[in-house]
Amino acid sequence: MIRVPAVRLIGPNGEQLGVLPTQRALAHAQDLGYDLVEIAPNAVPPVAKILDFGKYRFEKQQEAKEAKKRQKSVIWKEIRVSPKIDDHDIETKIKSASKFLGEGDKLKVTVRFRGRELAHPDRGRVLLMQIAERLKEHGTVERQPLLEGRSMSMIMNPLRGLGAAPAPQAAAAPAAPMVPRPAAPAAPRPSAPAPGIRPAPGLPRTPPAAPAPGPAPAPRTASAAPRPAAPRATPTRPPQRSN
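Just so you know, these numbers come straight off a predicted model, no measurement behind them.

### Concerning unusual backbone geometry
Between Val44 and Pro45 the backbone carries a cis peptide bond, its omega angle lying at -10 degrees. Within the fold, Pro45 resides in the loop between strand E3 (35–40) and strand E4 (47–51).

### Some remarks on the sheet that holds E4
One open sheet accounts for four strands, arranged E2-E1-E4-E3; its pairing is mixed. The open sheet terminates on both sides in strands that have one partner only, identified here as strand E2 (16–21) and E3. Averaged over all pairs of adjacent strands, the angle between strand axes in this sheet comes to 35 degrees, irrespective of strand direction. Summarising the sheet, strand E1 (residues 6–10) and E2 pair through five bridges and their orientation is antiparallel. Bridge pairing in E2 places Ile10 opposite Gln16. With respect to the sheet, helix H1 (residues 22–32) is in contact with E1, E2, E3 and E4, its orientation differing from that of E2 by roughly 125 degrees.

### Quick look at the packing of helix H3 (residues 87–102) against helix H4 (residues 121–134)
Contact geometry of H3 with H4 gives a least axis separation of 11 Å together with a crossing angle of 50 degrees. Comparing their axes, H4 and H3 come out oblique. As H3 packs across H4, the resulting crossing turns out to be right-handed. Residue-level contacts link Ile90, Glu91 and Ile94 of H3 to Leu127, Ile131 and Arg134 of H4. Residues that form the contact of H3 with H4 fall into these classes: four nonpolar, no polar and two charged.

So, how was this worked out
Residues numbered from 1 in each chain as written. Predicted model: local features only at pLDDT ≥ 70, side-chain atom pairs only at ≥ 80, totals over all residues. Heavy atoms only, no water. Helix = DSSP H or I, 4+ residues; strand = E, 2+ residues; numbered from the N terminus. Pairing = 2+ DSSP bridges. Axes fitted to C-alpha atoms, helices over the stretch in contact; angles between N-to-C directions. Contact = heavy atoms within 4.5 Å. Parallel < 35°, antiparallel > 145°, perpendicular 65-115°, else oblique. Left-handed = near helix turned anticlockwise from the far one by under 90°. Nonpolar A, V, L, I, M, F, W, Y, C, P; charged D, E, K, R; others polar.

Structure (structure tokens):
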């Protein structure tokens, strides 16, 4: 700070104090009980601020920790296949690869050639492109298949954060408010007075409700004509003999 002839000074509360000689700015900071810290050395003239250097350093350390927490380290995952892999094994490999890409990891797919398989590298290239086609919903190819020694590898990036933002959906028209229909007023029913309570004088008496009609009587069938009674035999007494 002493080698700088003048600085643009900022007070402890952020107020601008103008361009001052370095010695004068340092003496002013010491009079206030603070430190003089150069915060913009590349400016012309350099910018210095009056503050507590211990507190300033602690705040910078906390900001660096927070920035480090927000950073996400790149994690690499790799799956290895052979040119003669069967269908069941390739399904298992694709499931693992889709899981890795879904978690946001970078994926390296490697085909390893053994023996005379290296004489047909096109088979490995076709296999890698088939895997990339089946994983297109989870990631994109960053590096095309490349032959390195006895292996051919391909690198894929996850789709997280790479896709375009979805188009905003058109706002639906507001539904018309439902107006409730007024209910028809119900006709009042005449209530019969409770037993033992007489209506007040001057009020019309309500006639008693007519009894509900009962079921019609069943028609009577004509009875059979009465049979004539059989004649009763009158007992005859024998004549008495006279002596």
